[in-house]
Amino acid sequence: MAAATAAASPSSSLLLSRRHGVSPSALRAGASRLRAPRCVLGAEQLRVVEEGKRMGGGDPWAAAWTPKAPAQETRDSRLRIFSGTANRPLAQPVILDYLASKTISKDLVVVSPDVGGVVRARAFAKKLSDAPLAIVDKRRQGHNLSEVMHLIGDVKGKVAIMVDDMIDTAGTITSGAALLKQEGAEAVYACCTHAVLSPPAIERLSGGIFEEVIVTNSILLPEDKCFPQLTVLSMANLVAETIWHVHRDGSVSSIFQ
C-alpha cells in the first residue's frame, strides 16, 4: 500500500470530479493536498505464490513490521512503514483483539512454526500478557535423510497459538500442530494474515487438528475455501486508521506498538 501526496493524476482527478460533480481543474485548485492510497494487501503474496518464488530477506519492507519508530518520524519514514504494513502485514492488532475477546485461556503459549518466524512470534507473545514462547525446529540429520522436527519449549496442558504471516499449502503449520499435540498441547489455534490456501491446504486445516484457524481478509476467500474452523477477520479498521494517520501526518508506527 502506498500513499501518493503529489498532485493527483488526470485519471484520478477525473474520477473524483465525476463523483463530486466538479471539474478536475477546480478540484485540484481547491484542494490543499490530495492523497491516493493504493491497496495491494495480499496481492503481493498471491503473486509470489503464483510465480513459485518466496520472498526472502531482501524484501525492503520486511523491517517495517518490527515497529520501532524513528526518533523523529519524517514523512518518508511514515510512508515507508505505511507501505510495509500492506506488503508484509502481520495484522497483530486485529488478531490480538479477537483473541482477547474470546478469553481462550490464561495458560497460553505462542508458537513459531519455524525458526524464521521467532521474532514475529516473540512480538506477538509480548502483546498476549508476555506469554511464553515455543519454537518448532525442523532440520535434516543428513543427506537424503527425512526432516526431523523438534519442539523448543513447553506446551503440555497449554493452549498453543501458532503465528505465521502466510498460509499457503499449510504443510509447515499442520505438521507443527501435530507435533504440539504429541507434546501434550490441550488445543492448537493457527493465526496468519494472508490466507492463500493452495491445495491441499483446506484438507489439512480442516482435518480436526486445529481448534480454530484465524486469518484476515487481506486476500478474498471464495466459498469453496471456507470450512467450519475458519474465522476471517476484517482489516478495514486497521487500514482506515493507517490511512488517517498518514493523511494527518501522524505516527503510523504507534498503531502497531
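In what follows, the accompanying structure is described. (Residues numbered from 1 in each chain as written. Predicted model: local features only at pLDDT ≥ 70, side-chain atom pairs only at ≥ 80, totals over all residues. Heavy atoms only, no water.)

1. What about the side chain of Thr216?
And then number 1: When you line up the elements, Thr216 lands in strand β6 (residues 212-216).
And then number 2: The exposure class assigned to Thr216 is buried, which follows from its relative accessible area of 0%.
And then number 3: At a separation of 2.7 Å, a polar atom in the side chain of Thr216 contacts the main-chain carbonyl oxygen of Thr193.
And then number 4: Dropping the residues within four chain positions of it, Thr216 is found in contact with Ala91, Cys192, Thr193, Val232, Leu233 and Met235. (Helix = DSSP H or I, 4+ residues; strand = E, 2+ residues; numbered from the N terminus. Buried < 20%, exposed > 50% of the residue type's maximum accessible area, 1.4 Å probe, protein only. Polar contact = N/O pair within 3.5 Å; in protein donor to acceptor, adjacent residues only side chain to side chain. Contact = heavy atoms within 4.5 Å.)

2. Some points on the nonpolar core
And then number 1: Core analysis: the largest hydrophobic core is formed by 30 residues, its most contacted members being Val111, Leu180, Leu205 and Phe210.
And then number 2: Elements supplying a minimum of two residues to this core: β1 (108-112), β2 (133-140), β4 (159-167), α7 (171-182), β5 (187-195), α8 (201-205) and β6.
And then number 3: Other than its neighbours up to four places away in sequence, Phe210 contacts Met162, Ile173, Thr174, Ala177, Val188, Tyr189, Ala190, Leu205 and Gln229.
And then number 4: Core analysis: the next-biggest nonpolar cluster, separate from the first, contains 25 residues, Val94, Leu108, Ala121 and Ala187 among them. (Core = buried A, V, L, I, M, F, W, Y, C linked by side-chain atoms within 4.5 Å.)

3. Details of the sheet that holds β4
Sheet strands associate in pairs through backbone hydrogen bonding, adopting either a parallel or an antiparallel arrangement.
And then number 1: The strand order across the open sheet formed by seven strands is β3-β2-β1-β4-β5-β6-β7, and the pairing between neighbours is mixed. Of all strands in the sheet, those with a lone pairing partner are β3 (147-152) and β7 (230-233), marking the two edges. The sheet shows a mean angle of 25° between the axes of neighbouring strands, direction not considered.
And then number 2: Two strands pair when backbone bridges link them, and β1 and β2 are joined in this way by three bridges, in the parallel orientation. Its bridge partner being in β2, Val111 is matched across the sheet by Ala134.
And then number 3: Set on the sheet, helix α5 (residues 92-102) makes contact with β4, β5, β6 and β7; between it and β6 the angle comes to about 145°.
And then number 4: Helix-sheet contacts for helix α6 (residues 118-127) involve β1, β2 and β4, and the interaxial angle to β1 is about 160°. (Pairing = 2+ DSSP bridges. Axes fitted to C-alpha atoms, helices over the stretch in contact; angles between N-to-C directions.)

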